[in-house]
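The residues making up each chain are set out below.
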Amino acid sequence: MLELHNVSKSFGQKQVLQEISLHVADGEFVSLIGPSGSGKSTLFNLIGGLLGPDAGDIYLNGEEITNKRGFISYMPQQASLFPWKTILENVLLGQELQGKKDYTRAEAMLERAGLGGVIHAYPHELSGGMKQRVAFIRALLSPQSLMLLDEPFSALDEFTRTDMQKWLLSIWEDYEQSILFITHSIDEALFLSDKIIILSVNPAEIKDVIKVPFKRPRDGDLLLSEEFLQWKKKIIDVIQF
Amino acid sequence: MKTSLLKRIWRPFLAILIFLGLWEVATRLFSIEEWLLPAPSDIVMEARNVIPTFSPHLGSTVTLSVSGFLIGTTVGLGVATILHLMPRVRETFFPFIIISQNMPIIVLAPLLVIWFGFNALPKLIIITLACFFPIAVSALGGFTQTNRELVHYMKMMGANKAQLFWKLELPHAVPSIFSGLKIAGTYSVMAAVVSEWLGAQKGIGVFMTLAASSYRTSRVFVAIIVAMVISLAFYGLILLLEKFFIRWQQKGENA
Ligand SMILES: Nc1ncnc2c1ncn2[C@@H]1O[C@H](COP(=O)(O)OP(=O)(O)OP(=O)(O)O)[C@@H](O)[C@H]1O
Ligand SMILES: [Mg+2]
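What counts as what
Residues numbered from 1 in each chain as written. Chains lettered and ligands numbered in written order. Predicted model: local features only at pLDDT ≥ 70, side-chain atom pairs only at ≥ 80, totals over all residues. Heavy atoms only, no water. Domains from an automatic or database assignment. Contact = heavy atoms within 4.5 Å. Buried area = accessible area lost by both parts, 1.4 Å probe. Salt bridge = Lys/Arg side-chain N within 4 Å of Asp/Glu carboxyl O. Nonpolar A, V, L, I, M, F, W, Y, C, P; charged D, E, K, R; others polar. Helix = DSSP H or I, 4+ residues; strand = E, 2+ residues; numbered from the N terminus. Buried < 20%, exposed > 50% of the residue type's maximum accessible area, 1.4 Å probe, protein only. Near = heavy atom within 4 Å. Polar contact = N/O pair within 3.5 Å; in protein donor to acceptor, adjacent residues only side chain to side chain. Areas by Shrake-Rupley, 256 points an atom, 1.4 Å probe, with all protein chains shown as cover. Phe/Tyr/Trp six-rings, centres within 6.5 Å; stacked < 30°, edge-to-face > 60°. Patch = residues over 30% accessible without salt bridge, like charges linked within 9 Å, V, L, I, M, F, W, Y side chains within 5 Å. Arc of directions from axis to C-beta. Pairing = 2+ DSSP bridges. Axes fitted to C-alpha atoms, helices over the stretch in contact; angles between N-to-C directions.

## Topic: the domain arrangement of chain B
Residues and elements named next belong to chain B. Taken domain by domain, chain B comprises domain 1 (1–32) and domain 2 (38–245). Distance between the C-alpha centres of domain 1 and domain 2: 30 Å. Between domain 1 and domain 2, the residue contacts involve five residues of the former and six residues of the latter. Overall, the association of domain 1 and domain 2 removes approximately 410 Å² of surface from exposure, summing both partners, and the carbon and sulfur fraction of that is 65%. Area buried by domain 1 at its contact with domain 2 is led by W23, E24 and T27, which between them contribute 81% of it. Counting across the domain 1 and domain 2 interface gives zero salt bridges. Taken together, the residues that form the side of domain 1 that touches domain 2 break down as two nonpolar, one polar and two charged.

## Some words on the domain arrangement of chain A
Residues and elements named next belong to chain A. Per the domain assignment, the segments of chain A are domain 1 (2–72 + 145–240) and domain 2 (78–143). The distance between the C-alpha centroids of domain 1 and domain 2 comes to 24 Å. Listed per partner, the contact involves 18 residues of domain 1 and 15 residues of domain 2. Interface of domain 1 and domain 2: buried area, both sides summed, is about 1400 Å²; carbon and sulfur atoms make up 64% of it. For domain 1, the biggest contributors to the area lost against domain 2 are W167, I171 and Y175; these three give 38% of the whole.

## Looking at the pattern of salt bridges
Inspection of every chain in the model, using the stated rule, returns 16 salt bridges over all chains. With its nearest N and O atoms 3.9 Å apart, the salt bridge here joins A:K233 to A:D237. Remark: A:D237 and A:K233 occur in helix α8 (residues 226–240); sequence separation between them is four residues, near one turn of the helix. Taking relative accessible area as the criterion, A:K233 reaches 55% and is therefore assigned exposed. Through salt bridges with shared partners, a single ionic network connects A:K85, A:E89, A:E96, A:K101 and B:K167.

## Observations regarding the site of ligand 1
All names here are of chain A. By nearness alone, 13 residues border ligand 1, and S36, G37, K40, S41 and T42 come closest of all. Between ligand 1 and S38, the relevant distance is 3.2 Å, taken from an oxygen atom to a main-chain nitrogen or oxygen of the residue. Interatomic distance of 2.8 Å between a side-chain N/O atom of S41 and an oxygen atom of ligand 1. For ligand 1, whose free accessible area comes to 630 Å², the fraction covered by protein is 58%.

## Brief notes about the interface of chain A and chain B
With 28 residues of chain A in contact, the opposing surface of chain B contributes 21 residues. Among the residues chain A hides against chain B, the three largest losses belong to A:Y74, A:W84 and A:L97. Together they make up 32% of the total. The interface formed by chain A and chain B includes one salt bridge. One salt bridge connects B:K167 with A:E96, and the closest N-O pair in it is separated by 2.9 Å. Within the residue set of the side of chain A that touches chain B, elements represented by two or more residues are α1 (40–48), β6 (73–75), α3 (93–98) and α5 (128–141) of chain A. Per element, the largest residue contribution to the side of chain A that touches chain B is five residues, and it comes from α3(A).

## A word on the packing of aromatic side chains
The geometry of an aromatic ring pair is captured by two quantities: the separation of the ring centres and the angle between the planes. For the structure shown, the criterion picks out 18 aromatic pairs over all chains. Taken together, a centroid distance of 5.8 Å and an interplanar angle of 25 degrees make the contact between A:F214 and A:F228 stacked. With A:F214 in the loop between β10 (206–211) and α8 and A:F228 in helix α8, this pair connects stretches of sequence that are 14 residues apart. Taken as a pair, A:F214 and A:F228 share a single burial class, namely buried. A centroid spacing of 4.8 Å and a plane angle of 80 degrees characterise the contact between B:F132 and B:F133, whose relative ring orientation is edge-to-face. Members of the aromatic cluster, connected to one another through ring pairs, are A:F29, A:F153, A:W172 and A:F181.

## Points about a nonpolar patch on the surface
The grouping of B:V25, B:L29, B:F30, B:I32, B:W35, B:L36 and B:Y215 at the surface amounts to a nonpolar patch, some 800 Å² of accessible area in total. On the secondary structure map, B:I32 appears in the loop between α1 (2–29) and α2 (40–50).

## Regarding helix α4 (residues 103–112) of chain A
All names here are of chain A. Residues of α4 that are buried include every one of A106, M109 and L110, and no others. On an axial view of α4, the arc spanned by its buried residues comes to 100 degrees, and they lie on one face. Exposed positions of α4 whose direction lies more than 90 degrees from the buried face are T104 and E111. Of the surrounding secondary structure, the elements contacted by the buried residues of α4 are α2 (87–91) and α5.

## Quick notes on the sheet that holds strand β2 (residues 14–24) of chain A
Residue and element names in this part refer to chain A. Judged by pairing direction, the sheet is antiparallel, and its four strands sit side by side in the order β2-β1-β4-β5 without closing on themselves. Each edge of the sheet is formed by a strand with only one pairing partner; in this case those strands are β2 and β5 (63–64). Here seven bridges tie strand β1 (residues 2–11) to β2, and the two strands are oriented antiparallel to one another. By the bridge assignment, L2 is partnered in β2 with V24. Relative to β1, α1 is tilted by about 120 degrees, and along the sheet it contacts β1, β2 and β4 (55–60).

Below you can see the structure in the form of structure tokens.
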């Protein structure tokens with residue numbers, strides 16, 4: 001599905017990304033973890049076509065998308081909903097940009113996601129967690145098959161966050177979209193992903209790629225299991241090395 | 001709702017009543033001549049006399065200011081859009097807009113009369129110019145202050161320049177445009193009245209100059225009050241439109 005071949009990027013003298021190659025398979029959930037300032041958001045901007053790489057190519061479903069926009073769906077850290085649009089109109093934005101709006105599907109999806117009561121509300125009437133849910137549904141409803149999520153839950157408190165992770169899995173597991181997910185939380189990465197890519201810093205290189213063995217569907221108990229802690233330790237070792 | 005409105009306006013209302021009362025008493029007490037400062041009661045009497053014959057003047061001024069306002073709004077929004085979408089053009093012309101915004105447009109009036117005569121055209125130009133600047137500046141400000149995260153989101157989602165403008169920047173600028181419209185609405189009435197001083201057949205400005213030159217000061221006051229009422233009515237209308245257009249907005253913050 002998504003492939004990056006030796007992608008490098010510098011800003012002026014400062015090299016941020018060095019020869020990053022990675023792969024996201026169809027329907028796969030891949031997390032990127034790395035220190036602050038390592039260049040994760042920059043990598044997203046490259047995949048989204050907002051920036052061009054200094055070297056390397058980006059492919060989506062076999063088609064080169066380097067420097068091209070409109071091939072991915074996106075969810076930022078701040079919900080970034082349009083304050084003048086209702087929740088329903090907001091989640092349809094991705095479709096609106098690509099052409100046709102499917103109101104029935106959007107309404108059904110909002111119902112399923114537990115947002116049926118706020119379909120016609122405006123964003124300012126919602127809590128932070130609800131806004132993030134809307135932003136996720138918006139990304140999921142966009143026609144693109146790959147979603148880039150840049151620290152979508154990092155602005156939420158711990159309780160809301162765990163709820164959101166479970167909620168996200170419960171919704172996403174019924175869909176085919178692939179996800180590339182940036183996070184600072186090892187727990188979050190382990191709980192959600194099939195694969196974790198660990199980045200170093202200055203410049204960012206891929207330190208390690210870890211396949212997560214937990215079966216789906218996953219539930220909250222996993223977070224407290226012995227196995228989970230062992231994997232967490234393994235990742236911490238990689239990061240500290 | 002009703003009581004709170006009443007609660008809010010009774011103090012200013014009372015203040016006005018006291019002010020009018022003092023004014024009335026003072027003019028009588030010091031027996032001030034009517035041509036110098038008429039008492040409120042004189043003004044009311046005069047208003048009763050002239051209001052029936054006033055409608056042609058009123059109609060003319062309202063038509064003039066509304067037309068000028070609409071033209072000025074259209075041109076202002078158009079120019080702001082062009083400047084926004086073409087950064088080079090903006091860099092070249094924006095300084096002039098800021099400078100000319102601080103210039104009293106009225107000083108151009110004699111020149112416009114020389115060029116275009118005493119018909120409606122120079123008047124419309126003055127009103128248009130007066131409305132143009134607040135609208136162009138507020139719209140441009142609204143466009144450029146668009147939330148950066150929303151812009152980033154739109155770009156990541158593959159929005160092109162037109163989509164970015166129509167779906168994000170323009171709606172985002174609506175509250176800002178409305179603050180420009182409110183200023184322009186008031187300016188348009190003022191500019192209309194002043195432009196009528198230059199010479200016209202009808203209009204509040206004409207009525208005013210005629211009354212002033214014959215020292216019928218009560219009439220001047222009537223004209224002033226009518227101009228104020230029109231101005232306020234405009235403002236109220238724009239406020240109503242604003243309420244309708246940005247009913248989504250939460251008090252204080254957004255996004
Ligand atoms: N447009 C730009 N121009 C110059 N430098 C930039 C630009 N964008 C990012 N950088 C620099 O690139 C580096 C990586 O930034 P980036 O935002 O990608 O990091 P990140 O991994 O997403 O960090 P965080 O986890 O804090 O979000 C930083 O040092 C940043 O200052
Ligand atoms: Mg980042």
